[in-house]
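Read off the chains here:
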Amino acid sequence: MSMDRRDFLKIAGISSILGFGASVASATNLITDKKLLPPQVDRNKEALTAKRWAMVVDMSKFKAEEDFQKTISACHTFHNVPDFRKPDGSVDKKFEVKWIWKAAYERTFPGQENKYMSEHVKDMPFVVLCNHCDNPACVRVCPTKATYKLPDGITMQDMHRCIGCRFCMAACPFGARSFNWVDPRKGLKAELINKEYPTRTKGVVEKCTFCTERLSVGKVPACVEAAPAGALLFGDLEDPNSEVRKIVTEKLTIRRKPELGTGPAVYYLIGGGDHA
Amino acid sequence: MLEKALEGSKKYWAWVLFLGFFALSGTYYYIRQFNEGLGLTGLHRDVSWGLYIGQFTFLVGVAASAVMLVIPYYLHDFKKFGKIVILGEFLAISAVTMCILFIFVDMGQPMRIMNVILHPTPGSVMFWDSVVLSGYLFINLLVGWVTLGSDKKGVPPPKWIKPWIYLSIPWAISIHTVTAFLYSGVPGRHFWLTAVMAARFLASAFAGGPALLILLAMIVRKVSKFDAGKDVIQAVSRIVAYAMFANVFLLGLEFFTAFYSGIPGHQHPFIYLYKGMMGSDGVFHNEIVPLMWTSSIFAALSLIMLWVPKIRQNEGLLSLACVMLFISLWIDKGFGLIIGGFVPNMFEEVNPYWPTRPEAVITAGVWAIGFMVLTFLYKIAITVREQTAGVEIDH
Amino acid sequence: MKIYNKGLVFSGILVFAAIALFPFYFQGGRAAAKPEPKTDTPAIQEYEKLNGKKECVESKEYMRGEHMQVLNQWRDSVVRDYYRGYTSNSNHKRFNMSLQNGCMTCHSNKKKFCDECHNYLSVKPYCWDCHIAPKEEETKS
């Protein structure tokens, strides 16, 4: 059979496209999925559940520097968040990864300060973290649904699926997200690694997940447990008896940048309160 | 027709080798970046997009600019553009290739790129960006190849190509609108949250792309027998003039809204870019200020040069104006736009960004690959035109 | 039939054969040893003592063929749907859907279990870039 070069190239091209497509289809289990047994899965009985998880932050309960350190390191140690330091011991801002941290008042609520405010007040510390918004910009922009809303209100991160495009970091108005610019294991000490939680790898975005893995086994988030009593309150906004719901209904609270419409679920209590 | 790219003079191969050197250096540094992570760049937690995404944004504009030739020729029968349309379409292919490469080198986990297709997210602008970019590449490859092939055979192109050509017009507008939406749909970043972002993008695209095309046509005229014609170049330069006016005007509008409204958040990015601001490290940061002023001065100068007919009609001065215009837009869109959105950060802190050497070499490498694609495609187009010179085809 | 450029063609074929057959003659004709994953970690031995037999999440044949797909299924269940417990189709026991805190609690000998077959087949799963492999212990075989 004789065939000219153009026809040969056309047939070769179409065959390779079809072959490639078939290999992709089989690799993504579209064809071979029939071998998988149907999974019978359920939730742990001891898991904490809610219709809308939220947090109330009472800064009046944070008294010493130690209170902040304990809260932050509880989260970062449990989740193997890397700690990159420059040779002089200061934080290397270039590779910094943080899920929860301390920020000054004028940084947490920019625009609220006035020219008469003393430096002392401007620098008053606040604990900031992902706000797990109702209508998060990060979820809206993620092209792979690697960040998404769970039915209980948590904005979750799937580190397996993230392609590292960092659109979510551009979209988040609160600067809550960190990217792994290098292998995070370079910023972890081997003896301090929590073996019950994975690390991440370079090239993925990460952030606070309201400790879904702890909620699944009946524990509150690590920061809530480690913070001074009553400093971080965690509960279900849709439960009329929960402490967070009572505070948010009856007391003065503010949230960061509410005018952007993202609906943050972290409320900062004004004036402090008398709750355990 | 591909074989035409493989036959060339010593100067042709010297140019290809020159580009190949940069492409190889870029590849070397990319392999290092792939292994070590994006920490090799100057990016950090506050400025998470930089040179790569800036170049991608700029090049989407260049790619869209082919439509400035397609509309007059195919929609309005402006026969003068008949010879030069192919140069615009091939430039679009080269530009879209560079866009895709820049996105690829910017990704943290490029091996997971299939996730965008496996888990499509219609609510995400980035998903749509990948759809429209791939589609535009396909359309231009199809249209360019088929029309050039029929020119070579000395026949009009097949009728079925017409709908694809018409499709490329709104599609070109869409690629740049969607890319603008990446910025203008994101809450919280004052520099980007403006309705005119897409309009600015399109205006700068329709100025910068054809300006590059004028320069390329002049170069092609020097190195081959393919001459677009002085009146064609003049027609394109008028398009550039109008588009550049729109672009400079829209930039002026941005300045007005920021400074007349007096809102600090809106003003701060402009102040950082054009004057400098105190950083959270205690250092006054104004590294980017000279770049931004160059961009604005070049923009004004090139606009004046394009508007004065005597200057515009002088091809030497016109080429100077086009170079200044291209550089101005490259700085403005390929660098200033990104940085203005990220600095100051969400906490009103100034943590500046500057590309590292590996980042710059990878960028140069992608540009080199893009120009190699352009060189090969132009070589094919020029050879076909030279062989069919004198034969008028009615499209 | 006239062959043009005989010298180039035949030396090209020789070079190709040298490269393509390299894996075979480099090994000296020996096949690599058949992989033998060991399931005798202390945790598994403990389980055997309590339950009378060794039991995995599903049957050996199913796990051997589908463990990667099972892990993908578990990953999506846990991360995206909040499910943590998996009830086996074969022995109806409930397992914690976790690589680090589930699979690896029994199969704590990654080098003698997972790596045995993976190295033989030159499979390099990148799970371990993030998930922490248990520290290897001495097993009595």
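Residues numbered from 1 in each chain as written. Chains lettered and ligands numbered in written order. Predicted model: local features only at pLDDT ≥ 70, side-chain atom pairs only at ≥ 80, totals over all residues.

1. Quick notes on the interface of chain A and chain B
- Between chain A and chain B, the contact holds 41 residues from the first and 34 residues from the second.
- Of the residues belonging to the side of chain A that touches chain B, the class tally is 21 nonpolar, 9 polar and 11 charged. (Contact = placed C-beta atoms within 7 Å. Nonpolar A, V, L, I, M, F, W, Y, C, P; charged D, E, K, R; others polar.)

2. A word on the interface of chain A and chain C
- If you look at the interface, chain A gives 23 residues, while chain C gives 22 residues.
- Looking at which element gives the most residues to the side of chain A that touches chain C, the answer is strand β1 (residues 40-42) of chain A, with 3 residues.
- Of the residues assigned to the side of chain A that touches chain C, the class counts are 8 nonpolar, 8 polar and 7 charged. (Helix = DSSP H or I, 4+ residues; strand = E, 2+ residues; numbered from the N terminus.)

3. Concerning the sheet that holds strand β11 (residues 266-269) of chain A
Residue and element names in this part refer to chain A.
- Taken together, the 4 strands give an open sheet; going across it, the order is β9-β2-β11-β10, and neighbouring strands pair in mixed fashion. Edge positions in the sheet fall to β9 (232-236) and β10 (253-254), since each of these pairs with one other strand and no more.
- Taken together, the 5 bridges between strand β2 (residues 53-57) and β9 define a ladder with antiparallel strand orientation. Bridge pairing links Val 56 to Leu 233 in β9.
- On the sheet, helix α9 (residues 243-250) packs against β2, β9, β10 and β11 and is oriented at approximately 100° with respect to β9. (Pairing = 2+ DSSP bridges. Axes fitted to C-alpha atoms, helices over the stretch in contact; angles between N-to-C directions.)

4. Overview of helix α9 (residues 230-261) of chain B
Residue and element names in this part refer to chain B.
- Under the 1.5 Å per step criterion, the end-to-end length of α9 is 46 Å for 32 residues, consistent within 8% with the ideal 46 Å.
- Those residues of α9 that sit buried are Ile 233, Val 236, Ser 237, Ile 239, Val 240, Ala 241, Ala 243, Met 244, Asn 247 and Ala 258.
- For α9, the elements touching its buried residues are α3 (67-75), α8 (197-223), α10 (264-274), α11 (289-307), α12 (309-312) and α13 (315-342).
- The positive-phi residue at the C-terminal boundary of α9 is Gly 262, with phi of around 75°. (Expected span 1.5 Å × (residues − 1). Buried ≥ 20, exposed ≤ 12 C-beta atoms within 10 Å, placed from the backbone.)

5. Overview of the nonpolar core
- Within the largest apolar cluster, 182 residues are counted, with the highest numbers of intra-cluster contacts made by Val 141 of chain A together with Leu 59, Ala 63, Cys 99, Phe 102 and Leu 325 of chain B.
- With 15 residues, the single largest contributor to this core is helix α4 (residues 85-106) of chain B.
- Discounting chain neighbours no more than four positions away, the residues touching Val 141 of chain A are Phe 167, Cys 168 and Ala 171 of chain A together with Ser 124, Val 125, Met 126 and Val 186 of chain B.
- Judged by nonpolar contacts, the second largest core, of 11 residues, contains Cys 56, Val 57, Tyr 82 and Phe 95 of chain C. (Core = buried A, V, L, I, M, F, W, Y, C linked by C-beta atoms within 7 Å.)

6. Looking at the pairing of β2 of chain A
Residues and elements named next belong to chain A.
- Burial of β2 is extensive: 5 of the 5 residues sit out of reach of the surface.
- Alternating positions in β2 separate into two faces, Trp 53, Met 55 and Val 57 on one and Ala 54 and Val 56 on the other, with burial throughout.
- Judged from the 3 bridges that link them, β2 and β11 form a sheet pairing that is parallel. Along β11, the bridge assignment pairs Met 55 with Val 266.

7. Remarks on the sheet that holds strand β2 (residues 94-96) of chain C
- Ordered in space as β1(A)-β1(C)-β2(C), the 3 strands form an open sheet in which the pairing is antiparallel. Edge positions in the open sheet fall to β1 of chain A together with β2 of chain C, since each of these has one partner strand only. On average, each strand axis in the sheet is inclined to that of its neighbour by 30°, with strand direction left out of account.
- Both β1 of chain A and strand β1 (residues 85-87) of chain C contribute to a ladder of 3 bridges, which runs antiparallel. Bridging across to β1 of chain C, Val 41 of chain A finds its partner in Tyr 86 of chain C.

8. Concerning the domain arrangement of chain A
- By domain assignment, chain A separates into domain 1 (5-35) and domain 2 (53-269).
- Computed over C-alpha atoms only, the centres of domain 1 of chain A and domain 2 of chain A are separated by 45 Å. (Domains from an automatic or database assignment.)

9. Side note on the packing of α9 of chain B against α10 of chain B
Residues and elements named next belong to chain B.
- Remark: α9 packs on α10, axes separated minimally by 8 Å, with the N-to-C direction vectors making an angle of 125°. Put simply, α9 runs oblique to α10. Crossing of α9 over α10 shows left-handed handedness. From α9, Phe 255, Thr 257, Ala 258, Phe 259 and Ser 261 reach across to α10, where they touch His 266, Gln 267 and Phe 270.
- Grouping the constituent residues of the contact of α9 with α10 by class yields 4 nonpolar, 4 polar and no charged. (Parallel < 35°, antiparallel > 145°, perpendicular 65-115°, else oblique. Left-handed = near helix turned anticlockwise from the far one by under 90°.)

10. Regarding α13 of chain B
Residue and element names in this part refer to chain B.
- Between its terminal C-alpha atoms α13 stretches 40 Å, which fits the 40 Å expected from 28 residues at 1.5 Å a residue.
- At Gly 336, α13 is deflected by roughly 40°, the largest bend along its length.
- With 20 of its 28 residues buried, α13 lies for the most part within the structure. (Bend = angle between axes of the 7 residues up to and from the residue.)

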